[in-house]
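Given next are the chains, with one letter for each unit.
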Amino acid sequence: MSTPYHAAPTRYDSMPMRRCGRSGLDLPAISLGLWQNFGTDRSPETQREIVLHAFDRGITQFDLANNYGPPRGAAEEMFGRMLATDLAPYRHELVVATKAGYRMWPGPYGEGGSRKYLLASLEASLRRLSVDYVDIFYSHRFDPTTPLHETLGALKTAVDSGKALYAGISSYSATRTREAMAVAERIGLDLLVHQPSYSMINRWIERPDSSGESVLDVLGDTGLGAAVFSPLAQGMLTRKYLHGVPEGSRAAAEGPLHTSFLNQENLSRIQALNAIAGRRHQTLAQLAVAWVLRDPRITTALVGASSVTQLDDTLGALENLHFTRDELRAIDRHAQDGDVNIWAHRSSNL
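Residues numbered from 1 in each chain as written. Predicted model: local features only at pLDDT ≥ 70, side-chain atom pairs only at ≥ 80, totals over all residues. Heavy atoms only, no water.

Colleague: Can you walk me through the overall build of the protein in this structure?
Modeller: When you go through the protein residue by residue, the secondary structure sums to 10 helices and 10 strands. Radius of gyration (C-alpha) of the protein: 19 Å, near the 20 Å computed for a compact globule of 350 residues. Taking the principal axes of its C-alpha atoms as reference, the protein extends roughly 55 × 50 × 40 Å. Classification of the 350 residues of the protein by burial places 57% in the buried group. (Helix = DSSP H or I, 4+ residues; strand = E, 2+ residues; numbered from the N terminus. Rg over C-alpha atoms; globule rule 2.2 N^0.38 Å. Buried < 20%, exposed > 50% of the residue type's maximum accessible area, 1.4 Å probe, protein only.)

The structure is reproduced here in structure tokens:
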């Protein structure tokens, strides 16, 4: 039997909080994402240890999606058990986010941006999480086959019903984000946050699309917050891959992190960035997280963790968030897009 959990009284002492866009909601500078490492293929004891340690360190936002696992839904079920036990006394201190958009069940209503799919998925997520509401409900991806007013209308229904407190979008291009904000204003939905991928080797949100605006431009202009995911580029921006692909690593398993990403050009960039991190007395992971947080338009960096030790290393980024101009120039010489954005086709203007 596990030891009863009591949250650390110091949990709010060292985590910087950032206001999410022009809302009234503060989020921790670093949040825990449960995309990887929280399925039935991982130890429940280790998962519990990571989540509780994260909260003890001031992480109040936990980011999920309907399809996180494996199998799909497993991460929500695991977190739901914790919300019903260890975290039950602290529910009102937590921001629980989930998403819907990718394939969840067979048939024509099992993915996308339709009202039928999104609201059915939210109901299923609430059951798995054993809660009456989530704090943030996202459209996980832009769906070119569904009108935006239908997708955003479903988010509005979720908020109006009290089953979500806030609504967000994920991996929308600058053009689609601007359109979404216009539709949201028209229907009376306050969008809170955008969740795009962003890292030193995946800088797509800085680049203008065909509209002449970048995602960051739109966020700054409209007041949307930004919860960026994969700031470590699925582990590429850690010391694990400095010299290639080790056995047993995520890349070796040929999942979302493809071995082709670890080509010589990208490895050379990563090694150069690691040297800069060393001069700042940081690990490469700490440099990568601090770098995405340098922009005031970024609210929080969503990080994963396979152990408490790994999480603590990442949280060490908070000890040095300041960059000199010379450091930023040096980083820019090596922080170039490495063609690692596996979500690019979902962020197109099509």
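Colleague: Whenever I open this one, empty space enclosed by the protein confuses me. Can you help?
Modeller: A probe as big as a water molecule, rolled over the atoms, marks out the empty space that is left. A complete count under the given rule lists 1 cavity of 30 Å³ or more for this structure. One number sums up the size of the largest cavity: a volume of about 50 Å³. For the largest cavity, the lining is made up of 11 residues, of which S230, A233, Q234, V340 and W343 are closest to its centre. In terms of residue class, the lining of the largest cavity is made up of 6 nonpolar, 5 polar and no charged. (1 Å grid on protein atoms, 1.4 Å probe; cavity = no way out; pocket = protein on both sides within 12 Å on 5 of 7 lines; lining within 4 Å. Points joined across faces, edges and corners; volume = space filled by probe spheres on them. Nonpolar A, V, L, I, M, F, W, Y, C, P; charged D, E, K, R; others polar.)

Colleague: In this structure, what is going on with helix α6 (residues 215-222)? I would like to understand it.
Modeller: Note: α-helices contain 3.6 residues per turn, so residues at a spacing of three or four share the same orientation. Those residues of α6 lying buried are V215, L216, V218, L219 and T222. An end-on view of α6 places all buried positions within 160° of arc, on one side of the element. Structurally, α6 contributes buried residues whose contacts are with α5 (174-187), β8 (191-195) and β9 (225-229). Positive backbone phi, at 85°, marks G223, one or two positions downstream of α6. (Arc of directions from axis to C-beta. Contact = heavy atoms within 4.5 Å.)

Colleague: Would you mind showing me how to read unusual backbone geometry here?
Modeller: Trans peptide bonds make up most of the peptide bonds, and negative phi angles are found at most residues other than glycine. A cis geometry characterises the amide bond from G69 onward to P70, with omega recorded as 5°. Structurally, P70 is set in the loop between β4 (61-63) and α2 (74-84). Here P70 and P71 are connected by a cis peptide whose omega angle stands at -10°. Residue placement: P71 occurs in the loop between β4 and α2. A positive phi is found at H281, a non-glycine position, where the angle reads about 60°. By the secondary structure assignment, H281 is in the loop between α7 (264-279) and α8 (284-292).

Colleague: Help me understand the layout of surface pockets, please; the structure alone is not making it clear to me.
Modeller: By volume, the second largest pocket amounts to about 400 Å³. Secondary-structure elements contributing two or more residues to the lining of the second largest pocket are α4 (148-160), β7 (164-170), α5 and β8. When the residues that make up the lining of the second largest pocket are grouped by side-chain class, the tally is 11 nonpolar, 4 polar and 6 charged.

Colleague: I tried to follow the packing of aromatic side chains on my own but got confused; where do I start?
Modeller: How two aromatic rings sit relative to each other is set out by the distance from centre to centre and by the angle between their planes. Throughout the structure, instances matching the rule amount to 8 aromatic pairs. Each ring, one from Y5 and one from Y90, has its centre 5.9 Å from the other, and the planes form 75°; the classification is edge-to-face. Of this pair, Y5 sits in the segment before β1 (17-19) while Y90 is found in the loop between α2 and β5 (95-100), placing the two residues 85 residues apart along the sequence. Residue class for Y5 comes out buried when judged on its relative accessible area of 12%. With relative accessibility at 12%, the residue Y90 sits in the buried group. Consider the rings of F62 and F79, whose centres lie 5.2 Å apart with planes at 35°: the pair is tilted. With F62 in strand β4 and F79 in helix α2, this pair connects stretches of sequence that are 17 residues apart. One aromatic cluster in this structure is built from Y5, F55 and Y90. (Phe/Tyr/Trp six-rings, centres within 6.5 Å; stacked < 30°, edge-to-face > 60°.)

Colleague: Could you clarify how one ought to interpret the side chain of T60 in this entry?
Modeller: Relative to the assigned elements, T60 resides in the loop between α1 (44-56) and β4. Taking the relative accessible area as the measure of exposure, T60 reaches 5% and is therefore buried. Each residue touching T60, except ones within four places of it in the same chain, is listed here: Y12, M17, P28, F55, E93, L94 and V95.

Colleague: Any chance you could explain the packing of α1 against helix α9 (residues 308-315) here in plain terms?
Modeller: In a packed pair of helices, the relevant descriptors are the angle between the two axes and the axis-to-axis distance. Relative orientation of the contacting elements α1 and α9 amounts to 30°, with a least axis distance of 9 Å. The angle between α1 and α9 falls in the class roughly parallel. Seen from above, α1 lies across α9 with right-handed handedness. Contacts between α1 and α9 involve E49, I50, H53 and A54 from the former and V308, L311 and D312 from the latter. (Axes fitted to C-alpha atoms, helices over the stretch in contact; angles between N-to-C directions. Parallel < 35°, antiparallel > 145°, perpendicular 65-115°, else oblique. Left-handed = near helix turned anticlockwise from the far one by under 90°.)

Colleague: What is the right way to look at the pairing of β5 in this model?
Modeller: Each regular strand carries side chains that alternate between the two faces of the sheet. In terms of burial, β5 is a largely internal element, 6 of the 6 residues being buried. In β5, alternate side chains face the same way, and those of V95, A97 and K99 on one face and V96, T98 and A100 on the other are all buried. The pairing of β4 with β5 spans 3 bridges and is classified as parallel. Across the sheet, the residue bridging to F62 is V96, located in β5. As paired strands, β5 and strand β6 (residues 134-139) are joined by 4 bridges and run parallel to one another. Among the inter-strand pairings, A100 is bridged to a residue of β6, identified as S139. For the crossover that starts at β5, traverses helix α3 (residues 115-129) and ends in the parallel β6, the hand is right-handed. (Pairing = 2+ DSSP bridges. Right-handed = clockwise from strand over helix to strand, strands pointing away.)

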